[in-house]
Amino acid sequence: MNTALVIGAGIGGIAIAARLAASGYQVTVIEKNSKPGGRCDQIIRDGHRFDIGPTLFLMPQLFAETYAALGERMEDHLELLRVDPTYRIRFDDGTELSLTSDLNAMRDQIEAIEPGSMSGLLRYLAEGEQNCRVSVDRFVGRNFYNLLDYFSLQNLPLLFQLKALKKHYANVGNYFHDSHLKAAFTFQNMYLGISPFDALATYSLIQYTEMAEGVWFPKGGLYRVIESLESIAKARGVQFIYNAPVTKIQVDQDRATGIVLRDDSQLNADVIVTNADLPYAYRDLLPDEGAAKRLEKLKYTSSAIMFYWGVDKVYSQLGTHNIFLAGDYRASFDRIFKDHTLPDEPSFYVHAPARIDSTAAPAGQDTLMVLVPVGHLDDAANQDWSALQARARKTVLQKLEKLGASDLEQHIKFEVSYTPEDWQTQYNLAKGAAFGLSHNFMQVGYLRPQNRHPRYRNLYFAGSSTHPGTGLPLVLLSARLTTERILKEVAVPQPSNVHSVTSARNAGFAVSQ
């Protein structure tokens, strides 16, 4: 029976482990932290439950495909609650907009801001539908094995059709003229950690998926996805080892032979998959300094200052998802992506999960997660994260005070806060970039770091910084694509019906001290 080691128990690592186990591999997952999830982590304290990272469940069909590939039905594991209106957007000048799948309600709102804009919205959504369908079918949903495969005669016209060479904010001007609407239909690029002024116009697909397919929330939080996939993987014989940081991937000529843990123990396997952040893996786990330096020069996504507040009062002014956009939209992104700092006028996001799922907070209390986008770690920038964290907190409280939450600070029972330094140390994210490598034209598709190492032919990658990219749906696609590549390139074992967890030694791994 072939063996596989997976480094990292993020959603991509768990999914690929379960897929390989279902295909006959004996799999062990090694995780540095005490529990699975990676960035899709969870805090539970005093009856308050927070999702640390992702809070939006988008493109449910891609989640359903993962469960189906493992012989399961998603609906047997997740109770999905639809969030609509999806967001309440508040602009600096007092304008408000609630994005919703109710087109009549959308028409009334956007026509009040820009008369005649409803026709623009319908055209914009039609473009988004095309971009979503073509992207998933022809680009993000498949492996590319060489440059000609990617830039084939069949694909080249599609790249122009997808407006892959045009910027998103510039393109949205074809549909809306008012700055409020341009911002409302481009800020979603921050899901990918990129500026709408640099993002591909292709990403109008995000707004389409939200309005047509819906924004959802699993009861119990996004962490329920992690818990259910871990349970499925264990049922298929996958072993998980926690509190076990990997310090090195051992290599011999053109193969990876195993890994070394912090306690100097070693595990060997036929296939090694790293779900750790790809630039981190090249820099800290592999011997090729040249490749690590090349990755260092690529573009990275933004980071975030986070606040997790357990509050002993309900603030009904806040919906499930709340967006507060800065007055100078472009300047705020320039400060994040060019200066790598906190904008002078920060935009931010507040998640109040108890609006949709009462189990997220004690009765009569609130669970609030605040995300303030900032630049990633940069040694050349003057980054005093304690000062920036304090300024971000002050800005958020001042903006919420204008909504009538003037006593919020007095009602915060406890606070947990993350800065880019925490994203780096807790989850091994290179430069503290919360979404991994960026998604400009030169870093997508075949041009993105590949999901197999170019030299070590049995070393594979899954996660945000490899193909196809960041976000839970794409990471699940990454797990599928990497599995397909392994099964194509490595001798396939016979499927196993093992349903019990075995030790690394019994699973056929060579273990030494």
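Residues numbered from 1 in each chain as written. Predicted model: local features only at pLDDT ≥ 70, side-chain atom pairs only at ≥ 80, totals over all residues. Heavy atoms only, no water.

Caption draft 1: Structural view of the nonpolar core. Membership of the largest hydrophobic core comes to 115 residues, with the highest contact counts inside it found for Phe 185 and Tyr 308. Look past the residues within four positions of Phe 185 in its chain and what remains in contact with it is Leu 99, Met 106, Leu 121, Tyr 124, His 168, Val 172, Phe 176, Gln 207 and Met 211. In terms of nonpolar packing, the next biggest core, distinct from the first, is built from 29 residues, Ala 244, Ala 433, Leu 459 and Phe 461 among them. (Core = buried A, V, L, I, M, F, W, Y, C linked by side-chain atoms within 4.5 Å. Buried < 20%, exposed > 50% of the residue type's maximum accessible area, 1.4 Å probe, protein only. Contact = heavy atoms within 4.5 Å.)

Caption draft 2: Spotlight on the pairing of strand S13 (residues 271-274). Of the two faces of S13, the one carrying Val 271 and Val 273 and the one carrying Ile 272 and Thr 274 are both buried. Relative to S13, strand S1 (residues 3-7) runs parallel, the two sharing four bridges. Bridging across to S13, Val 6 finds its partner in Val 273. (Helix = DSSP H or I, 4+ residues; strand = E, 2+ residues; numbered from the N terminus. Pairing = 2+ DSSP bridges.)

Caption draft 3: How the structure looks around the confidence of the model for the protein. Per-residue pLDDT for the protein has a mean of 94; in total, 96% of the residues score no lower than 70. The model gives residues 493-513 a pLDDT under 50, and that stretch makes 52 contacts with residues more than four places away or in other chains. (pLDDT = per-residue confidence, 0-100.)

Caption draft 4: Quick look at the packing of helix H4 (residues 117-140) against helix H9 (residues 205-213). Their axes nearest at 7 Å, the elements H4 and H9 cross at an angle of 105°. When the axes of H4 and H9 are compared, the pair comes out roughly perpendicular. Here H4 contributes Leu 121, Tyr 124, Leu 125, Gly 128, Glu 129, Asn 131, Cys 132 and Ser 135 to the contact with H9, which in turn contributes Leu 205, Gln 207, Tyr 208, Thr 209 and Met 211. Residues that form the contact of H4 with H9 fall into these classes: seven nonpolar, five polar and one charged. (Axes fitted to C-alpha atoms, helices over the stretch in contact; angles between N-to-C directions. Parallel < 35°, antiparallel > 145°, perpendicular 65-115°, else oblique. Nonpolar A, V, L, I, M, F, W, Y, C, P; charged D, E, K, R; others polar.)

Caption draft 5: Just the side chain of Arg 19, in detail. Mapped onto the secondary structure, Arg 19 falls in helix H1 (residues 11-22). What makes Arg 19 buried here is its relative accessible area of 9%. Every residue in contact with Arg 19, bar those within four places of it in the chain, is listed here: Glu 65, Thr 66, Ala 69, Leu 70, Ala 479, Arg 480 and Thr 483.

Caption draft 6: Representation of the environment of Gly 128 within the structure. On the secondary structure map, Gly 128 appears in helix H4. Look at Gly 128 and you get buried, because its relative accessible area is 0%. It is 4.0 Å that separates the C-alpha atoms of Gly 128 and Leu 205, two residues lying 77 residues apart in sequence. Leaving out residues up to four positions away in the same chain, Gly 128 has contacts with Ser 204, Leu 205 and Tyr 208.

Caption draft 7: Inspection of the sheet that holds strand S2 (residues 26-30) at higher detail. Read from one edge of the open sheet, five strands run S9-S2-S1-S13-S19, paired in parallel fashion. One side of each edge strand has no neighbouring strand; the edge strands of this open sheet are strand S9 (239-241) and strand S19 (459-461). Strand-to-strand, the axes of this sheet are offset by a mean angle of 20°, without reference to chain direction.

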